[in-house]
2 protein chains.
Amino acid sequence: MVKNRNFIEKLRELGLRPTKQRVKMCEVLFNREKTFHFTINDLVKMISEEMNEKISLATVYNTVHALEKKGYLKEISINSDKSYFDTNTSVHHHFYDEDTQELIDCDGNDIDPINIKKNITGKKINSVEVLVKVASDNQNQK
Amino acid sequence: MVKNRNFIEKLRELGLRPTKQRVKMCEVLFNREKTFHFTINDLVKMISEEMNEKISLATVYNTVHALEKKGYLKEISINSDKSYFDTNTSVHHHFYDEDTQELIDCDGNDIDPINIKKNITGKKINSVEVLVKVASDNQNQK
DNA sequence: ATCTACATTATAATAATTCTAAACTGTTGA
DNA sequence: TCAACAGTTTAGAATTATTATAATGTAGAT
């Protein structure tokens, strides 16, 4: 209950009207110990279950993109066939398990800072992301 | 002409029957000074123009995937909305210009080797790729 | 030249995402 | 408190990228 109130405030601050769908989405996304990765479909399922009623796909897309634009979610590109999002918006890298299609966060100690020596005139660096693809040891590479 | 012959041999070595569509695709992809990046749609257009006749989308998809599986093309994930391929199959990283949606190769000197300190038991690393997103200096981040 | 297996093609099917237009609901202010 | 407006939600249609299908075509062996 108190948590709902927090999300209502948060959404207001972001200029997003706190509808029940958005508040529920925030609970599902941010009301947890650890950050996590999800696809839009994952999220629709989770919210529908928590609310005991359907939520429109379009609403989930809209709100996810709104939260992404505000910096509360980050999109992660792995394959072109699915979009993954991450509630951990800090700069960090990922392992991707090609066997299980699971994303795993790297923390700061897993990979040394990346040193970019090239710079493109007139452009500034927005992000630097490392993706490490792993697979079972006794299996051919993709 | 001589070049065609080369591609015919190459395709045979790969176990791919050298049809005229595949030979033309190889010319378009590999018969050039520098490696380059393309989407499936780019490629369909390029081949259709070079051949002065249509080529089926399905054929392009099939052959691109065949060449990818054989290691002559590499897929690059940037956004989920498009698949980019690269004729440069060596290990290298990319800049992505968010303004122009252009991909730019990094060569070995642009980024120091990435040191991965984490390892996941029973899994081996298949690839380590860095994507540096850049955008115009006087513009908000995506 | 003929045959056969593999390729190509147009088209249909699927999947992810975005659009649309009508119905609904926070919020503001009288 | 409540009417009114602007922003939201929704179902379903539209769009886009990709894959599947099944009929036709063709490379390569005999």
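Owing to the predicted nature of the structure, the values given are computational and were not obtained by experimental measurement.

Conventions we followed
Residues numbered from 1 in each chain as written. Chains lettered and ligands numbered in written order. Predicted model: local features only at pLDDT ≥ 70, side-chain atom pairs only at ≥ 80, totals over all residues. Heavy atoms only, no water. Least-squares fit on C-alpha atoms with pLDDT ≥ 70 in both. Contact = heavy atoms within 4.5 Å. 1 Å grid on protein atoms, 1.4 Å probe; cavity = no way out; pocket = protein on both sides within 12 Å on 5 of 7 lines; lining within 4 Å. Points joined across faces, edges and corners; volume = space filled by probe spheres on them. Helix = DSSP H or I, 4+ residues; strand = E, 2+ residues; numbered from the N terminus. Nonpolar A, V, L, I, M, F, W, Y, C, P; charged D, E, K, R; others polar. Pairing = 2+ DSSP bridges. Near = heavy atom within 4 Å. Polar contact = N/O pair within 3.5 Å; in protein donor to acceptor, adjacent residues only side chain to side chain. Buried < 20%, exposed > 50% of the residue type's maximum accessible area, 1.4 Å probe, protein only.

K.L.:
Please provide a residue-by-residue account of the relation of the copies chain A and chain B, values included.
P.N.:
Superposing chain A onto chain B requires a rotation of 179° together with a translation of 0.1 Å along the rotation axis, leaving an RMSD of 0.1 Å. The two molecules are tied by a two-fold rotation axis, judged by turn and shift. Same-surface contact between copies: 100% of interface residues of chain A are shared with the interface of chain B.

K.L.:
If you had to explain the layout of surface pockets to someone new, which residues and values would you point to?
P.N.:
Residues and elements named next belong to chain B. Taken as a whole, the second largest pocket spans an internal volume of roughly 170 Å³. Thr39, Ile40, Tyr61, Lys82 and Ser83 are the residues nearest the centre of the second largest pocket, which is lined by 10 residues in total. Every element with two or more residues in the lining of the second largest pocket is listed here: α3 (40–51) and α4 (57–69). Residues belonging to the lining of the second largest pocket are distributed by class as follows: 3 nonpolar, 5 polar and 2 charged.

K.L.:
Residues and numbers for the sheet that holds strand β1 (residues 37–38) of chain A, please.
P.N.:
Residues and elements named next belong to chain A. As summarised here, the arrangement of the 3 strands in space is β1-β3-β2, forming an open sheet in which the pairing is antiparallel. Sheet topology places β1 and β2 (74–76) at the edges, where each strand pairs with a single neighbour. The pairing of β1 with strand β3 (residues 84–86) spans 2 bridges and is antiparallel. Looking across to β3, one finds that histidine 37 is bridged to aspartate 86.

K.L.:
Explain the protein's contact with DNA strand C to me, using residue names and the numbers behind them.
P.N.:
As a matter of local geometry, DNA strand C sits amid 18 residues, with Arg12 and Tyr61 of chain A together with Thr19, Gln21 and Thr59 of chain B nearest to it. For DNA strand C, the backbone makes up 74% of the atoms found within 4 Å of the protein, where backbone means sugar plus phosphate. In the environment of DNA strand C, a sugar or linking oxygen lies 3.2 Å from a nitrogen or oxygen atom belonging to the side chain of arginine 17 of chain B. Between DNA strand C and threonine 59 of chain B, the relevant distance is 2.8 Å, taken from a phosphate oxygen to a side-chain nitrogen or oxygen of the residue. For the surface near DNA strand C, the secondary structure elements donating two or more residues are α4 (57–69) of chain A together with α2 (20–30) and α4 of chain B. In terms of residues, the surface near DNA strand C owes the most to one element, α4 of chain A, which gives 4 residues.

K.L.:
Just give me the short version of unusual backbone geometry, but keep the residues and values in it.
P.N.:
Keep in mind that most residues, glycine aside, have a negative phi and that most peptide bonds are trans. The phi dihedral of asparagine 52 of chain A falls on the positive side, at around 60°, and the residue is not glycine. Inspection of the secondary structure puts asparagine 52 of chain A in the loop between α3 (40–51) and α4. On the basis of relative accessible area, asparagine 52 of chain A is assigned to the exposed category, the value being 71%. Backbone geometry places glutamine 101 of chain B, a non-glycine residue, at a positive phi of 60°.

Any functional reading would require information beyond the geometric quantities listed.
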